[in-house]
Amino acid sequence: MNLFGEVEPVKAEPIAPYLGGKSQLAKTIVGKIQQIEHATFVDVFFGMGGVFFRRVSVPKLEVINDINNELVTLFRVLRNHPEVFLKELAAFPPSRIEYDQLRKVDTAHMTDLQRAVRYYYLQRLTFGGNPKHQSFAVAPNFAAKLNWKKASEHLTAASERLAGVVIENMDWREVLSRYDSAETLFYLDPPYWGGETDYGKGVFKREDFAEMAGLLTNIKGRFLLSLNDREEVREIFEAFSQEQVHLNYSINPDNPKKVAELIISN
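Residues numbered from 1 in each chain as written. Predicted model: local features only at pLDDT ≥ 70, side-chain atom pairs only at ≥ 80, totals over all residues. Heavy atoms only, no water.

Colleague: Help me understand the pattern of salt bridges in this model?
Modeller: If charged atoms from side chains of opposite charge come close, those side chains can pair. Considering all chains together, one arrives at 15 salt bridges under this definition. Between E243 and K32 there is a salt bridge, and its shortest N-O distance comes to 2.6 Å. Here K32 lies in helix α1 (residues 26-34) and E243 lies in strand β8 (residues 241-249), a separation of 211 residues in the sequence. A residue is classified by how much of its surface remains accessible, and K32, at 22% relative accessible area, is partly exposed. Note that R206 and E196 form a salt bridge whose closest N and O atoms lie 3.0 Å from each other. Here R206 is found in the loop between β6 (184-188) and α8 (207-217), whereas its partner E196 is found in the loop between β6 and α8, with 10 residues between them in sequence. What makes R206 partly exposed here is its relative accessible area of 39%. Taking the relative accessible area as the measure of exposure, E196 reaches 8% and is therefore buried. What you see here is one network of salt bridges that share partners, running through D171, R173, K205, D208 and E211. (Salt bridge = Lys/Arg side-chain N within 4 Å of Asp/Glu carboxyl O. Helix = DSSP H or I, 4+ residues; strand = E, 2+ residues; numbered from the N terminus. Buried < 20%, exposed > 50% of the residue type's maximum accessible area, 1.4 Å probe, protein only.)

In structure tokens, the structure reads:
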């Protein structure tokens, strides 16, 4: 039985830059997703949706999850209130002054809408999309990273794509447990080996890789997992199929670095 419906992929560029984005691997991963029949698709470490928004088909149920509450708030607000989000965003042109003020503001008394716009604005203008070490990204001969007109078109398309998608804000273990079934396909893009603290203290620990391998051994469904190619990673996930892929990676496009990654699956 064909469980897929067709959908237009959202523009190849991510909604906003984000550390560990999968721009170069996305086409390969999406191709593999297309070959696995499933009724439920779960993106366990969603980030900015580098794989999700490039997909060209949808099953019966789609779930996106991230432990970052600010990021989840962004996508909830964008899905439910795109017009209001864009109207609020229009008040913030790309500016170092605005950037520094928003970066320092206390979010405790902000509405969800204000938090969502703030988070998007900062991520859009942060060097390398690094949420942990934010700095204003601007350089001679490079276009500003936030153009309201282009952003409006992009965000509207993303909002429409999120219609009907379940948005979760859980620990990755809970997501695996809650949505596992014989017809579920999980996509996991955890922090890289060696970059476990890149997304904040306590978000992910090195010991979690071994726990993840153990839990994935016992799931009823299927999974695809992308990680940097390290001997330690190969050993931990040795029970599964491992495919090496090569790509050029760098936050500085003028100085790319060749790296290898693994696509691990059951």
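Colleague: Help me understand the pairing of strand β4 (residues 61-65) in this model?
Modeller: Strand residues, when the strand is regular, have side chains that alternate between the two faces of the sheet. Summarising burial for β4: 4 of the 5 residues are buried, a large majority. Here 4 bridges tie strand β2 (residues 40-43) to β4, and the two strands are oriented parallel to one another. Paired with T40 across the strands is L61, a residue of β4. Where β4 meets strand β5 (residues 166-168), 3 bridges bridge the pair, whose relative direction is parallel. Paired with V63 across the bridge in β5 is V166. (Pairing = 2+ DSSP bridges.)

Colleague: I would appreciate a short explanation of the packing of helix α7 (residues 172-179) against α8 in the present structure.
Modeller: Two quantities define a packed helix pair, namely the angle between the helix axes and the distance between the axes. Axis separation between α7 and α8 bottoms out at 11 Å; the angle between their running directions is 5°. Judged by the inter-axis angle, α7 sits roughly parallel to α8. When α7 is examined against α8, the residues W172, R173 and L176 are found in contact with a partner set consisting of D208, E211, M212, L215 and L216. Tallied by class, residues from the contact of α7 with α8 come to 5 nonpolar, no polar and 3 charged. (Axes fitted to C-alpha atoms, helices over the stretch in contact; angles between N-to-C directions. Parallel < 35°, antiparallel > 145°, perpendicular 65-115°, else oblique. Contact = heavy atoms within 4.5 Å. Nonpolar A, V, L, I, M, F, W, Y, C, P; charged D, E, K, R; others polar.)

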